[in-house]
Amino acid sequence: MNVALGRAGVTLGLAAALLGAVTVAYGLLRRRPDLVRLSRVYAALVLLGGVVAFIAMERALITRDFTVKFVADNGSTKTPALYNVATLWGALEGSIILWATILGGYLMAVVVKFRRRLTDPLVGWALVTMLLVATFFFFLMAGPANPFRTFSPPPGFDGPGPNPLLQNHPLMAFHPPMLYLGYVGFTVPFAFAIAALVTGRVGEGWLLATRRWTLIAWGFLTVGIILGAWWSYEVLGWGGYWAWDPVENASFMPWLTGTAYLHSVLVQERRGMLRVWNISLLCATFSLTILGTFITRSGVLESVHAFTESSIGPALLIFFSIVVLATVVLIGWRGDRLRSPGRIDSPLSREGAFLANNVLFGAFAFVILIGTVFPLIVEALTSDRISVGVPYFNRMTMPIGLALLFLMAIAPVLPWRKASGELLRHRLLWPAWIGVGAMVLGVLLGARGLAPVIAFGLGGFAGGSAGRQLVLAARRQGWRGLVGRANGGMIVHLGVVIIAVAFAASSSCVRQAEFTLQVGQSASFSGHTLTFEGVTTREESAKTVQQALVRIDGTGPWGPSLNRFANGGQTIGTPSVRSTFTDDVALSIIDIKGSDAPTLTLRVTVQPLILWLWIGGGVMALGTLLAVFPGRRRNPLDPVSAPTVAAAPPRTPEPSAP
Amino acid sequence: MTAGATRSARSPVRRWVPWVAMAVVIVAVLSVATFTTRSAPTAQDRVNTISTTIKCPVCAGESVAVSNAPASLEIRKEIAEQVQQGQTDEQIRAYYAARYGEAILLTPSAEGINALVWILPVVALALALAGLAIAFRRWSLTEDSSATDADRALVASALAGGSGPPADPESPVDDDHGEGSSR
């Protein structure tokens, strides 16, 4: 029943996507608006197909229908309800269902939002592109990654359940959907970029039409990445949150190129320049999501997240090549229209800063790409096996990160076109003193080492600049000074600064040790006292939980635990973390020996400011929301550039602020 | 306060005073941060640092510092013993490279083809910056296309007649500060 329903959904989605793409494209080429308008119907059918497949799989998981092979492989009667629902995206085939369903949702949203412009070739070709992408993902479900394969379970069969790591924390229910909403969301601006190339309308229209879509996708991706780091901190129990794992890298690369795009798009809106570059960045972002899926889901790279090997690899690689090739050919074809006459007057200007931003973000993404795929390249060329890990990424990205912080401090106060030294000195004086204050404070509180202290200084500097812009905007416009793209963007900057400072502090001051304790014994470490009070054992449906009770500085007891899963016999630790605004004490159990007088081997990690990573993530999400909120409406005829001398007298660089 | 007026009256030397003071403070703070250390790294700190650079031999892409697999616990214990015996970080790393092969080290060596992973990003960044410099040079050589009288007339007629009303006289441009406000 579930198999039939699911396959019906997949078939419906595949047929609707393919037929829709062909019909709309034919209608556009033959100028048949009646056919083009059918995109509404096809989009609805694609969404319906995705939702039916999604419901069929959830129904199979919830009712433990082991005749579906995916459920037999990943489900279990013992899995608690929340993780049972989340199992859908806990393995490859199910995650493609989620991907296709979300794509159907975005497709429908585009159709609804642009309902009055459906016959506009720009919107039409964008829908064709999205339908083609949907065709690919439904094709994956119909063939290489079919989630609805059948299985005949022997009597009394019970599945192994999802990977124990994936049923250990409620964040698992939110992190992957958020990430996918981000990944898939970039399909919309990508589709409009392709449509702009196909129609030849490469001006700024498509940018304005998709700017909110891009921001929303970027916001989801940001939240997804930060939730992933949080999940890893709460679940993996090694005291860290970011390990430069290939899957983390795969999500971070499109984030970097997407962030570069969000900035450079402003140059095109205002000056009409960088057209090729912006289209390339968007296509890079979209194709990096596909490449990331390939790297992590095909089993070519080993990674803690990698699902088992499957035949999905070649399909993804071919799709990736098609996307890249199509973009390059289209850009070459429209080369004449993409040339823009403008010029950038001075490196010391808003647009100059955006260019520098793009170079740095590009370099950042490049370092991560090289580091991630380099072992593959070396193995292919020399058959030597090497590893590229955390120390490489930390060393290579640290200077880029610092340079980006510096740019974040300077760029927001730069005017368009050209800045004078006098103007910069005036606008940057207070932000710079805030940066110096942050450095002094950091050193007084015990921070040592060049890199972290510089990071604090630049963080304070960048925070000061963002704060200055917000204060000026709020003075000028009241509460409206906090909404709109530029102001929301400054709030996002504040979130980034909080994360950067927390990252610098936590990674430079991490203290870690292992202790072996008898019941009643205490240990002190890095200014904290830990007392081991005993062990409790309880049976849960899927696992046996041994929990150690440990007091930290008299608070608690905190209960890190060891979970012994019935199926598969794996033992997974669940750490316990005491978070405060100043520092985190994370406890994870390495071993518990004996039952009457247990001996506990405990790993303790003390890191400052961890909580601020998540707070910074929240601030970034809030800033994105405020940036999506419509700002002050601009009269379309208002001049966009600075007024010419004849039109208005030259203005003083700054109003005399009190 | 008329910050603008006092500012322009200042002599060039006075203008730089706060920035020089700031530079002095920065240099002082950075030298304190670099040359005074809280305490020498303990044996445990060294074990932690070394184990982040050694890959867990049985798990997928994790360092022995991260992994709690039995093999990793064993290696961590072994590193602690080697540190106790007074071996240097490099000696310990070389020991594991000899025992498990080069792939056990998470920091690729800078020899042979492996050097590319270090060099390529630097070369790419240098090329990008050079490209940017060339672009700016070309832009600075091209003539700035200034508005002709015909252009101005076009703008004026669009602002005056056109479909939209002329901008509010109170705020001729919605971007008072040239700072790209809420657009």
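### Some points on the overall build of chain B
- When you go through chain B residue by residue, the secondary structure sums to 7 helices and 0 strands.
- In sequence order, the secondary structure elements of chain B are arranged as α-α-α-α-α-α-α.
- By residue count, 31% of the 183 residues in chain B fall in the buried class.
- When contacts within chain B are restricted to residue pairs at least 6 apart in sequence, long-range pairs at least 24 apart make up 38% of them.
- Of the roughly 10900 Å² of accessible surface on chain B, 64% is carried by carbon and sulfur atoms.

### Topic: helix 15 (residues 350-382) of chain A
Residue and element names in this part refer to chain A.
- The end-to-end C-alpha distance of helix 15 is 46 Å, a good match for the 48 Å that 33 residues give at a rise of 1.5 Å each.
- In the structure, helix 15 departs most strongly from a straight axis at Val373, where the bend amounts to approximately 45° and where the proline Pro375 lies between one and four residues downstream.
- Just beyond helix 15, the residue with positive phi is Ser383, at close to 60°.

### Some remarks on the side chain of A:Thr79
- The residue A:Thr79 is located in the loop between helix 4 (69-74) and helix 5 (81-86) in this model.
- Among residues more than four places away in sequence, those in contact with A:Thr79 are A:Arg64, A:Asn84, A:Gly161, A:Pro162 and A:Gln167.

### Section: the packing of aromatic side chains
- Under the defined criterion, the tally for this structure stands at 32 aromatic pairs over all chains.
- Ring centres 6.0 Å apart and planes at 50° place the aromatic pair A:Phe354 and A:Trp416 in the tilted group. Residue A:Phe354 is located in helix 15, and its partner A:Trp416 is located in the loop between helix 16 (390-410) and helix 17 (421-444); the two are separated by 62 residues in the primary sequence.
- The buried category is assigned to A:Phe354, whose relative accessible area is 8%.
- Judged by centre distance (5.8 Å) and plane angle (70°), the ring pair of A:Phe515 and A:Phe525 falls under edge-to-face. Note that A:Phe515 is positioned in strand 1 (residues 511-518) and A:Phe525 in strand 2 (residues 522-525), a separation of 10 residues in sequence.
- Taken together, the aromatic side chains of A:Trp218, A:Trp242, A:Trp244, A:Phe252, A:Trp255, A:Phe364, A:Tyr392, A:Phe393 and B:Trp118 make up a single cluster linked through ring pairs.
- A cation sits over an aromatic face here: A:Arg334 above A:Trp333, 4.0 Å from the ring centre.

### Some thoughts on the packing of helix 7 (residues 121-142) of chain A against helix 13 (residues 312-333) of chain A
Residue and element names in this part refer to chain A.
- For the pair helix 7 and helix 13, the least separation of the axes is 11 Å and the interaxial angle reads 170°. Taken together, the axes of helix 7 and helix 13 are roughly antiparallel relative to one another. Within the contact between the two elements, helix 7 uses Val133, Phe136 and Leu140 and helix 13 uses Ile312, Ala315, Leu316 and Phe319.

### With respect to unusual backbone geometry
Residues and elements named next belong to chain A.
- In the Ramachandran plot, Leu274 falls in the positive-phi region, its phi being about 65° despite a non-glycine side chain.
- Looking at the secondary structure, you find Leu274 in the loop between helix 11 (246-271) and helix 12 (275-297).
- The phi dihedral of Arg417 is positive, around 75°, even though this residue is not glycine.
- Along the chain, Arg417 falls in the loop between helix 16 and helix 17.
- Residue classification places Arg417 among the partly exposed residues on the basis of a relative accessible area of 34%.

### What to know about the domain arrangement of chain B
- In terms of domains, chain B is made up of domain 1 (3-35), domain 2 (43-104) and domain 3 (112-139).
- Centre-to-centre, using C-alpha coordinates, domain 2 of chain B lies 35 Å away from domain 3 of chain B.

### Concerning the sheet that holds strand 9 (residues 583-593) of chain A
Residues and elements named next belong to chain A.
- Taken together, the 4 strands give an open sheet; going across it, the order is 1-10-9-8, and neighbouring strands pair in antiparallel fashion. The open sheet has two edge strands with one neighbour each: strand 1 and strand 8 (576-579). If you compare each strand with its neighbour and ignore which way they point, the axes differ by 20° on average.
- Taken together, the 8 bridges between strand 1 and strand 10 (residues 599-608) define a ladder with antiparallel strand orientation.

### A closer look at the environment of A:Val373
- Tracing the backbone through its elements, the reader meets A:Val373 in helix 15.
- Taking the C-alpha atoms as reference points, A:Val373 and A:Pro246, 127 residues apart in sequence, are found 8.9 Å from one another.

### Side note on the pattern of salt bridges
Residue and element names in this part refer to chain A.
- Taken as a whole and judged by the stated rule, the model has 19 salt bridges over all chains.
- Here Arg603 and Glu514 are joined by a salt bridge, their closest N and O atoms 3.9 Å apart. Here Glu514 lies in strand 1 and Arg603 lies in strand 10, a separation of 89 residues in the sequence.
- Several salt bridges share partner residues, and in doing so they unite Arg117, Asp120 and Arg201 into one network.

### Describing the packing of helix 15 of chain A against helix 16 of chain A
All names here are of chain A.
- At a minimum axis distance of 10 Å, the contact between helix 15 and helix 16 shows a crossing angle of 170°. As judged from the angle between their axes, helix 15 and helix 16 are roughly antiparallel. For the pair formed by helix 15 and helix 16, the contact residues are Ala353, Ala356, Asn357, Leu360, Phe361, Ala363, Phe364, Val367, Ile368, Ile370, Gly371 and Thr372 on the first element and Tyr392, Phe393, Met396, Thr397, Ile400, Ala403, Leu404 and Leu407 on the second.
- In terms of residue class, the contact of helix 15 with helix 16 is made up of 16 nonpolar, 4 polar and no charged.

### A look at the pairing of strand 7 (residues 571-574) of chain A
All names here are of chain A.
- In strand 7, alternate side chains face the same way, and those of Ile572 and Thr574 are buried while those of Thr571 and Gly573 on the opposite face are not.
- Examined bridge by bridge, strand 6 (residues 561-565) and strand 7 share 4 bridges and lie antiparallel to one another. Each bridged residue has a counterpart across the sheet, and for Arg564 the counterpart in strand 7 is Thr571.

### Some words on the environment of B:Glu78
All names here are of chain B.
- Position of Glu78 relative to the elements: it lies in helix 4 (residues 70-84).
- For the pair Glu78 and Ile92, spaced 14 residues apart in the sequence, the C-alpha separation amounts to 9.7 Å.
- Those residues in contact with Glu78 that sit more than four places away from it in its chain are Tyr95, Tyr96 and Arg99.

### A closer look at the nonpolar core
- With 164 residues, the main nonpolar core has A:Met57, A:Phe137, A:Phe192, A:Trp206, A:Phe252, A:Trp255 and A:Tyr392 as its most contacted residues.
- With sequence-adjacent residues up to four places away left out, A:Tyr392 is seen in contact with A:Val367, A:Ile370, A:Gly371, B:Pro108, B:Val117, B:Trp118 and B:Pro121.
- The next biggest cluster of nonpolar side chains, apart from the first, holds 32 residues, and it includes A:Leu423, A:Ala447, A:Phe456 and B:Val29.

### A closer look at a positive patch on the surface
- Side chains of A:Lys113, A:Arg115, A:Arg116 and A:Arg212 sit close together on the surface and give a patch of like positive charge.
- Inspection of the secondary structure puts A:Lys113 in helix 6 (residues 92-113).

### Let's talk about the side chain of A:Thr605
All names here are of chain A.
- Locating Thr605 in the fold gives a position in strand 10.
- On the basis of relative accessibility, which here comes to 4%, the residue Thr605 falls in the buried class.
- Side chain to side chain, Thr605 and Gln512 meet in a polar contact 3.0 Å long.
- What Thr605 contacts, discounting residues up to four positions off in sequence, is Trp238, Gly239, Val510, Arg511, Gln512, Asp584, Val585 and Ala586.

### Points about the domain arrangement of chain A
- Structurally, chain A comprises domain 1 (1-153) and domain 2 (511-608).
- Summarising the inter-unit geometry, the C-alpha centres of domain 1 of chain A and domain 2 of chain A are found 44 Å apart.

Rules of the game
Residues numbered from 1 in each chain as written. Chains lettered and ligands numbered in written order. Predicted model: local features only at pLDDT ≥ 70, side-chain atom pairs only at ≥ 80, totals over all residues. Heavy atoms only, no water. Helix = DSSP H or I, 4+ residues; strand = E, 2+ residues; numbered from the N terminus. Buried < 20%, exposed > 50% of the residue type's maximum accessible area, 1.4 Å probe, protein only. Contact = heavy atoms within 4.5 Å. Areas by Shrake-Rupley, 256 points an atom, 1.4 Å probe, with all protein chains shown as cover. Expected span 1.5 Å × (residues − 1). Bend = angle between axes of the 7 residues up to and from the residue. Phe/Tyr/Trp six-rings, centres within 6.5 Å; stacked < 30°, edge-to-face > 60°. Lys NZ or Arg CZ within 6 Å of the ring centre and 35° of its normal. Axes fitted to C-alpha atoms, helices over the stretch in contact; angles between N-to-C directions. Parallel < 35°, antiparallel > 145°, perpendicular 65-115°, else oblique. Domains from an automatic or database assignment. Pairing = 2+ DSSP bridges. Salt bridge = Lys/Arg side-chain N within 4 Å of Asp/Glu carboxyl O. Nonpolar A, V, L, I, M, F, W, Y, C, P; charged D, E, K, R; others polar. Core = buried A, V, L, I, M, F, W, Y, C linked by side-chain atoms within 4.5 Å. Patch = residues over 30% accessible without salt bridge, like charges linked within 9 Å, V, L, I, M, F, W, Y side chains within 5 Å. Lys, Arg positive; Asp, Glu negative; His and termini not counted. Charge placed at Lys NZ, Arg CZ, Asp CG, Glu CD. Polar contact = N/O pair within 3.5 Å; in protein donor to acceptor, adjacent residues only side chain to side chain.

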